[in-house]
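What follows is each chain in one-letter form.
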Amino acid sequence: MNDPHATDGFEDLPSRYIVGIDLGTTNCAVAFVDTEQADAPIRIFPVEQWVDFGTSEKRNLLPSFHYQPLPSELTSLQGAGALASGSEAMVTVVGALARDRGLQLPGRQISSAKSWLSHSSVDRQSPILPWQCDEGVEKLSPVEASARYLAQIKRAWNRTFKSHPLDEQEVMLTLPASFDQVARQLTIEAAKQAGLARILPIEEPQAAFYAWLSRNSEKWESLVQVGQTILVCDIGGGTTDFTLIRVRESASSELPQINELHQQRFSLHRVAVGQHLILGGDNIDLALAKFAERKLTGGKSLPPRSWDALRQACRVAKETLLATKHDNKTPINDSFTIHLPGTGSKLIGGGNQVEITASEIAATVLEGFFPYCDVQASPMGEQTGFQEFGLPFAADPRVTSHLASFLWNHRRDGRTDEALQSMDDLQLARPDWILFNGGVMTSELLSQRLLDVIASWFAGSSGIAADWRAGVLDGESLDLAVAIGAAYFGKVRRGEGVQIEAKLACSYYLQTSSNPPQAICIVPGSASLGDNFELDQQPLELAIGEPVQFPLLYSTTRLADRVSESVPIDDEHLVRLPPIRTVLDLAGRKRRDRLPVIIATELTQIGTLQMWCRDTTGKHRWKLEFDVRGSTQTDFEANELSANNLGILDEQVEATARNVLQRTFGETGGEVPPAKLMSTLTEELHLSRSNWTPSLLRAMWQALMEMNAGRRKSAAHEARWLNLLGYSLRPGYGLAADDWRVAETWRAVHGKLAFAAPSSRNESLILWRRIAGGFTAGQQLTVYQQIAGPLRAVLDPTKRSKGSGTSPHELIELLRLVGSLELLPKSEKHALGDWLLDLIDVKKWTPCQPAILWTLGRIGTRFPAYGPLNVVVDVHVATAWIEQLLGKKVDIENMTLALMLCARRVHDRYRDIADDLRDQVTCRLEERNAPEHVIELVRNGGRLKSEEATQMLGESLPLGLQFQRQTQLVD
């Protein structure tokens, strides 16, 4: 995904300017050094941006917001290429105007793109933002949105420094220390899209500390002592990052020069970073919005657009009311009045404004995010924070509990043997200094609370003075420190300044077994940039011509593990990454051959992980790539599913199944006719179909693909081959490499039916329905377009009078297929739903009513079976469908299913129907004597039971596979 030699030329061709860019969740900042000036200071680069329509200014901060103007707003923006991006028909704006205009029109604004870069359950390279947007708004991927912020900086820079364009300068780009490898690579990709090729990442907490070193370059050694610990606490708009730096004595043989007269006595070592936490200012905004909503409505939920406006306004209220006077730490403002724009209907409570006081905000934030807790507290695993933003926020919103866990888990990391022997656990965990960073910590109220909590953990215990408090390192402006530190880091790379020694501080592992879950270390936390590792003592045997998937994990707490060391897998200390995979192809080798290979890894100069596997002869080498499309489209967590713990397939069972299939589809086959294939398999395997394990099913799929030619013996052979192929691969996801199997199936079958018989066509429809969950959006649209003609001839009222040759049986299969295509565009789903509701009352199609209602429920569901949440139809559409369903006098079982799927509570105001309509649905379900659990799903939400999942899918899942994967977007 990225070039491991991306930094080539940095040392050979140094640029005139060193540029540090803080690509923040809420704000971006830029600092630079002119290296042609002696003792050049680090300066802030003000970024020119729109602040109003027709008005631009240079400001130190570029707000990380993207806005698409209304057509009426374009006149004042078009033609201003230095400030606005996009074509004349689609001008977009980033910066201050984008932030402020989004207060009025949140459906046209993108915010928190950086947080989405680390969201492993979505395709971060697909256009999904704004998550909830107005009609006609152009959607961008998180990568593209981030690239547009950087492109704005580049345009502003190039306008100022015409002879030294930004793409020719050395750019230090900051990242959260806790970003995993995929989020790191995607950020680099965003920079490349913006035209910035010479980039070097640096962790934000390190950059913040470098800014402190820059400010205290002459006296820093007089402020700290050997053996002390510095905690960098970086809480920004989207993430919370913790970093530990230990102060050590410099080795006499490696005394770097600060200048000709002074040798550095101390060395600084970054020894630990915290786990990735999407927890910051965005979460506080949501909490305050919830509080304000209760005051405004008395507990009722606001409409989504009003909620968006309230959340945006609460960000302003937070920044206003948490600001304190420096003399007495009292709030500068006592209250803030939030005015909501008109909604077209009277708000509950009779008003559209609400006043929030400073004391209310303080109580909400302090008790919700910075409460007192025990030093050995562990963050809660169950979700207690707010989840209405589409992002996987930290389950526990208490920053203090995460900090306590971080300090306690890393109390021994980087300590000398002497310290480990002379200090108890509490003394080891205590930080001596704290450096605050991030927008949230600009509030003195919050920083003082955090200091108070930390003091409560250590003061008066283990020989620590009762009045002990951690020292605070006085840093740069918290909004600008990271950019300044990044620029200073660029100077350090050229031998000027004080360097922080930083190992990887994150160990990587390869899963080797599922029962018990075990992994081996492939990159230790002590690794440095440029280090290489090989597992040459543990070669693997891999299949040729088949996908090879490597379950990869990482840990920020197990830093002492050595390469090739085996460790148990537990969710507390190891975190899964998207799969790394490849297909080993060798010319002239049979598909079922196996090849011994060795895994090799490299930590590149830009901090990204590269992996290869090579054969033991050294003649062949294959690069392994992260799959970053998102776990809603891949088998990201396949190795956690119970289906993978049902045991390894017995070779004799596979051989028996292969033998039966050979006797039907083989070159000399004919012994088992297609009509008797399923019964013969059941008899000779001594297993009913419901007990065929996923590994057996996928082995049968492999055998059927190898016997592809056998389906051409007759139409009956092809129909049975298609039917069993889909049954073996259903639901198209759930096991490692299922996406590859679906792609292979698509290539073998799509447009390549051997017979024009109705049986072949119908079975191909069933095949696509069964494996639709593994299709890409493009493949689903292609399937839909192929059946759209006969489908519309029945469904579209404007074409129905012309007649259709489609039979009820054919229509049922068409409907069941289209209901399984969750990735269809919303516009198509909207039209289909309207047509289906109309078709229910057409007498000719009464036999199809169960399929009509089943399909309506699937396309109107509030929680998709496998797709991302952005495919869910808009709530106003689902509301209209439910209202019509309630008026239908159709008394069949699938009416209950359709109502439940369309009205199921998911605790997301963008997807949930109104409470009064929910009450009507629950009453109707009670009248229909629906199962209590079905009523509960509508009333309060919850998970589907296996029988409900089977009814929704129209077919049972293979043994051990879960219906709703935990990698779905959070509710």
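Quick note: structure is the one above.
The rules we used
Along each chain, residue indices are assigned from 1 in the same order as the chain's sequence is written. With the structure being a predicted model, the display of local features is reserved for residues of pLDDT at least 70 and the display and counting of side-chain atom pairs for 80 or more, all residues being used for whole-chain, interface and lining totals. No hydrogens and no water enter the side-chain calculation; it runs on all heavy atoms of the structure. In this description, a nonpolar core means a group of buried Ala, Val, Leu, Ile, Met, Phe, Trp, Tyr and Cys residues linked to one another through side-chain atoms lying within 4.5 Å. Whether a residue is buried, partly exposed or exposed follows from its accessible area with a 1.4 Å probe, protein chains only, as a fraction of its type maximum: under 20%, in between, or over 50%, in that order. Counting from the N terminus, the helices are DSSP H or I runs at least four residues long and the strands are E runs at least two residues long. Two residues form a contact once any of their heavy atoms are found within 4.5 Å. For a helix, the expected span equals 1.5 Å multiplied by the number of residues minus one. Strand pairing is assigned whenever DSSP identifies at least 2 bridges connecting the two strands. Helix axes use the C-alpha atoms of the stretch in contact, all axes being lines fitted to C-alpha atoms, and the angles between their N-to-C directions lie in the range 0 to 180 degrees. Oblique is the label for every angle not falling under 35 degrees (roughly parallel), over 145 degrees (roughly antiparallel), or within 65 to 115 degrees (roughly perpendicular). Here the term charged refers only to Asp, Glu, Lys and Arg, the term nonpolar to Ala, Val, Leu, Ile, Met, Phe, Trp, Tyr, Cys and Pro, and the term polar to all other amino acids, Gly among them. Using a grid of 1 Å spacing that covers the protein atoms alone, one calls a set of points a cavity when a 1.4 Å probe fits there but cannot get out, and a pocket when the set is open and has protein on both sides within 12 Å along at least five of seven lines; lining residues are those with an atom within 4 Å of a point. Grid points are joined across faces, edges and corners, and a volume is the space filled by probe spheres set on the points.

Caption draft 1: Region of interest: the nonpolar core. Among the nonpolar cores identified, the biggest contains 143 residues, and Ile21, Phe209, Leu213, Ile338 and Trp457 are the most heavily contacted of them. Looking at this core, the element that brings in the most residues is helix H14 (residues 481–493), giving nine residues. Among residues more than four places away in sequence, those in contact with Leu213 are Trp220, Leu268, Tyr488, Val498 and Ile500. Counting 98 residues, the second-largest nonpolar core is a separate cluster that includes Leu724, Ile787, Leu795 and Val934.

Caption draft 2: Representation of helix H18 (residues 715–729) in the model. Its 15 residues give H18 an end-to-end C-alpha distance of 21 Å, which sits within 8% of 21 Å, the value for a rise of 1.5 Å per residue. Of all 15 residues in H18, 12 are buried; the element is thus mostly enclosed. What H18 keeps buried is the set His717, Glu718, Ala719, Trp721, Leu722, Asn723, Leu724, Leu725, Gly726, Tyr727, Ser728 and Leu729.

Caption draft 3: Broad picture of the sheet that holds strand S27 (residues 552–555). The five strands lie next to each other as S28-S23-S22-S27-S29, forming an open sheet whose pairing is antiparallel. The outermost strands of the open sheet, each flanked by one partner alone, are strand S28 (566–568) and strand S29 (575–576). Pairing of strand S23 (residues 517–523) with S28, which is carried by three bridges, proceeds in the antiparallel orientation. Bridge pairing in S28 links Gln518 to Pro568.

Caption draft 4: How the structure looks around the pairing of S23. Of all seven residues that make up S23, five are buried, and the element is covered over most of its length. Connecting strand S22 (residues 507–514) to the antiparallel partner S23 that follows it, the hairpin turn spans two residues.

Caption draft 5: View of helix H20 (residues 758–771). Given a rise of 1.5 Å per residue, 14 residues ought to cover 20 Å, and the 20 Å separating the end C-alpha atoms of H20 matches this to within 8%. Within H20, 11 of the 14 residues are buried, which leaves the element mostly enclosed by the surrounding structure. For H20, the full list of buried residues reads Ser760, Asn762, Glu763, Ser764, Leu765, Ile766, Leu767, Trp768, Arg769, Arg770 and Ile771. Check the buried side of H20 and you find it contacts H18, helix H19 (738–749), helix H21 (777–795), helix H23 (808–819) and helix H30 (946–953).

Caption draft 6: Spotlight on the packing of helix H15 (residues 651–665) against H18. Taken N-terminus to C-terminus, the directions of H15 and H18 make an angle of 155 degrees; their axes are 11 Å apart at the nearest point. Considered as vectors, H15 and H18 are oriented roughly antiparallel to each other. Between H15, through Leu661, Thr664 and Phe665, and H18, the contact on the second element is made entirely by His717, Arg720, Trp721 and Leu724. Its residues placed into classes, the contact of H15 with H18 shows four nonpolar, two polar and one charged.

Caption draft 7: Quick peek at empty space enclosed by the protein. Taken as a whole and assessed by the stated rule, the structure comprises nine cavities of 30 Å³ or more. Lining the second largest cavity are 15 residues, with Pro731, Arg769, Arg770, Ser820 and Leu953 positioned closest to its centre. Looking at the lining of the second largest cavity residue by residue, the classes come out as seven nonpolar, three polar and five charged.

Caption draft 8: Fine view of the environment of Val783. Within the element layout of this structure, Val783 appears in helix H21. By relative accessible area, which is 1% here, Val783 ends up buried. Counting along the chain gives 11 residues from Val783 to Ala772, while the straight-line C-alpha distance between them is 9.6 Å. When neighbours within four sequence positions are excluded, Val783 is seen to be in contact with Trp746, Trp768, Phe775, Leu817 and Leu821.

Caption draft 9: The arrangement of the packing of H18 against H20 in detail. Look at H18 against H20: their axes get within 8 Å of each other, and the N-to-C directions meet at 5 degrees. What the angle tells us is that H18 and H20 run roughly parallel. Mapping the contact onto sequence places Ala715, Glu718, Ala719, Leu722, Asn723, Leu725, Gly726, Tyr727 and Leu729 in H18 and Ser759, Ser760, Glu763, Ser764, Leu767, Arg770 and Ile771 in H20. Here the residues of the contact of H18 with H20 sort into eight nonpolar, five polar and three charged.

Caption draft 10: Molecular detail of the sheet that holds strand S8 (residues 93–94). Read across the sheet, three strands follow the order S8-S7-S9 without closing on themselves; strand pairing throughout is antiparallel. With one partner strand each, in any of the chains shown, S8 and strand S9 (109–111) form the two edges of the open sheet. When strand S7 (residues 65–67) meets S8, the two strands line up antiparallel, connected through two bridges. Residue His66 lies in a different strand from S8, and its bridge partner there is Val94. Across the sheet, helix H1 (residues 96–104) lies against S7, S8 and S9, angled at about 70 degrees from S7, the strand it touches most.

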